[in-house]
Amino acid sequence: MRASRLLIGLGCLLGLAAAADVIDRIAATVNDTAIPESEVRRAMVVSDLRPRPDEDAEAFRLRVLDALIEEHLEYEDAIRFGPASPNAFEIDQAMANLRDRLKSEGKDPDAEFARAGMTVDQVRASIERQLVISAYLRERFSPIAFADEQDARDEYEKRYVPEEKAAGRTPQPFEKVADEMRRRFSTRTFDEEVAKWLKDLRQRARVSIFRVPAAVPEGRTPVVLERATPAKPSAP
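Residues numbered from 1 in each chain as written. Predicted model: local features only at pLDDT ≥ 70, side-chain atom pairs only at ≥ 80, totals over all residues. Heavy atoms only, no water.

Quick word on the nonpolar core
Item 1. Ile35, Val40, Val64, Leu65, Ile69, Leu137 and Trp197 are the most contacted members of the largest nonpolar core, which totals 30 residues.
Item 2. Counting residues per element, this core draws most heavily on helix α2 (residues 57-78), which supplies eight residues.
Item 3. By size, the runner-up hydrophobic cluster in this structure holds ten residues, among which are Ile91, Leu98, Phe113 and Ala116. (Core = buried A, V, L, I, M, F, W, Y, C linked by side-chain atoms within 4.5 Å. Buried < 20%, exposed > 50% of the residue type's maximum accessible area, 1.4 Å probe, protein only. Helix = DSSP H or I, 4+ residues; strand = E, 2+ residues; numbered from the N terminus.)

Thoughts on α2
Item 1. With 22 residues, α2 ought to run about 32 Å at 1.5 Å a step, and its terminal C-alpha atoms sit 31 Å apart, in line with that.
Item 2. Between a side-chain oxygen at the N-terminus of α2 and the backbone nitrogen of Glu58 the separation is 3.3 Å; the capping residue is Asp56. (Expected span 1.5 Å × (residues − 1). Polar contact = N/O pair within 3.5 Å; in protein donor to acceptor, adjacent residues only side chain to side chain.)

Some thoughts on the environment of Ala27
Item 1. Note that Ala27 resides in strand β1 (residues 26-30).
Item 2. A residue is classified by how much of its surface remains accessible, and Ala27, at 1% relative accessible area, is buried.
Item 3. When the C-alpha positions of Ala27 and Ile209 are compared, they lie 6.1 Å apart, and in sequence the two are 182 residues distant.
Item 4. The contact partners of Ala27, leaving out residues within four places of it in the chain, are Ile35, Pro36, Glu37, Val40, Arg61, Leu65, Ser208, Ile209 and Phe210. (Contact = heavy atoms within 4.5 Å.)

Set out below in structure tokens:
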């Protein structure tokens, strides 16, 4: 299931960067909270997002920035409900998983953190933030995504059977794939509900994205590339 759009916590620091860091410019603002360019650069190094084969550096940067904007909105909404902090075991496990992933890619985790300008404590704080978001999404949307017998049968008849036939395969009897159908329905419904919620957050948010040439002359003022303003409330 979706757990915040896959910056698994390592870009969005919201002020957790060292105070001595010099921020050259603002990449975007979200409800008057700035996302500095340095935060985007960190996320490009240590997040789960990776450049696509046909994607240039600027397109990748904008995709990472878009994910950071969504993460800011998700966290902002989550903390309104006073969520409990993740326990130390959860954070330790997530940190171990991150180190294992980086090692599997042939990278030294501590070197990657340093290259991103992050201390281990900052990485842990960012992981904690993502765990808060993930717990909030589960608590809010998992009940909606619960699959009963009819949901599983609808998934089987309307999606699974046509997919199997289109692929030239004989569909398994429902009884053999009933659990898989429940999982499929729950995962799809969960992701759809989160996507609708996030779309609503973005429509109501004040988001500005700034564009500056790669080589920024001293004193250069960013210009607005995109500005999203809150949607007007509908009449009762």
